[in-house]
Amino acid sequence: MAALTPTWAVEAIYRLTPASLKRQGIQVILTDLDNTLIAWNNPDGTPELRAWLAEMKAADITVMVVSNNNRERIARALARLDLPFEPRALKPLPVGINRAVRHLGVAKTACVMVGDQLLTDVWAGNAAGVRTILVRPLVASDQWNTRINRFFERLLFKMMSPVHYLEELNDKH
Ligand SMILES: [Mg+2]
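1. Details of the coordination of the magnesium ion
No. 1: Here the magnesium ion is held by the protein donor atoms Asp32 (OD), Asp34 (O) and Asp116 (OD), which lie 2.1 to 2.3 Å from it.
No. 2: If you list the donors of the magnesium ion from N- to C-terminus, the spacing comes out as D-x1-D-x81-D. Here aspartate 34 is found in the loop between strand S2 (28-31) and helix H2 (47-58), whereas its partner aspartate 116 is found in the loop between strand S5 (111-115) and helix H5 (118-128), with 82 residues between them in sequence.

Set out below in structure tokens:
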């Protein structure tokens, strides 16, 4: 169960603030693409996302997409957002995350993996030895494989001992 338990959970990636991340020594956000950063029905991203990305940039926090999709698909999805990315990450294996960390030349302790799926993003992040943040999916997916995963993820999440919410954690510090 520990392999699938996120370090923290937040409602959405936009809720992460430079202050809360820096307090945890985090300088790099590795993020899933679909349903974490952008919704399939809004590939340009929301004004909220753009504002958040600008805020991270101003605070010198790197945001890099780590996705199982191929290069063409990610490049198309990120055309308007200008973000670095690591394609074909093979999540839940740690391969892509390890590659991203190596390319960035940073310590794993300074990285966090953010995603909406326990069975891919959180598992991969934990396997790579970085801290992990689970977010709620931006929109419900209609893909059958994602729907099946979600069913198990809901069960798993219920079985997990208290997951820490990043906001709560900040209050304690
Ligand atoms: Mg996703």
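2. Considerations on the sheet that holds strand S7 (residues 164-165)
No. 1: With parallel pairing, seven strands are arranged side by side in an open sheet as S4-S3-S2-S5-S6-S1-S7. Looking along the sheet, the strands with just one partner apiece sit at the ends: strand S4 (85-86) and S7.
No. 2: Across four bridges, the pairing between S2 and strand S3 (residues 62-66) is parallel. Paired with valine 28 across the bridge in S3 is threonine 62.

3. Side note on unusual backbone geometry
No. 1: The linkage connecting lysine 91 with the following residue, proline 92, adopts the cis geometry, with an omega of 15 degrees.
No. 2: As for its placement among the helices and strands, proline 92 is situated in the loop between S4 and helix H4 (95-104).
No. 3: One non-glycine residue, aspartate 60, lies in the positive phi region at around 65 degrees.
No. 4: Examined against the element boundaries, aspartate 60 turns out to sit in the loop between H2 and S3.
No. 5: For aspartate 82, which is not glycine, the phi torsion reads 55 degrees and is therefore positive.
No. 6: Here aspartate 82 lies in the loop between helix H3 (71-77) and S4.

4. Overview of the pairing of strand S6 (residues 131-135)
No. 1: Across the five residues that make up S6, a large majority, four, are buried.
No. 2: Strand direction decides the pairing type here: strand S1 (residues 8-10) and S6, joined by three bridges, are parallel. When the sheet's bridge partners are listed, alanine 9 is paired in S6 with leucine 134.
No. 3: Strand direction decides the pairing type here: S5 and S6, joined by four bridges, are parallel. Each residue of the ladder has a partner; that of glycine 115, found in S6, is leucine 134.
No. 4: Since S5 and S6 lie parallel, the crossover through H5 that links them has a hand, and here it is right-handed.

Each value, and the rule that gives it
- Starting from 1, residues in each chain are numbered consecutively following that chain's sequence as written.
- Only residues with pLDDT of 70 or above have their local features reported here, since the model is predicted, and side-chain atom pairs are shown and tallied only from 80 upward, although totals for entire chains, interfaces and linings are computed over all residues.
- Values shown for side chains rest on all heavy atoms present in the structure; no hydrogens or waters enter the calculation.
- Sites may look incomplete, because water is not among the atoms used; the donor set itself consists of N, O and S atoms within 2.8 Å of the metal (3.2 Å for Na, K and Ca).
- Helical segments are the DSSP runs of H or I of at least four residues, strand segments are the runs of E of at least two, and each set is numbered from the N terminus.
- When DSSP finds two or more bridges between two strands, those strands count as paired.
- Note on classification: 1.4 Å probe, protein chains only; a residue is buried when its accessible area is under 20% of the maximum for its type, exposed when over 50%, partly exposed between these limits.
- Every crossover in which the path from the first strand over the helix to the second runs clockwise, viewed with the strands pointing away from the viewer, is termed right-handed.

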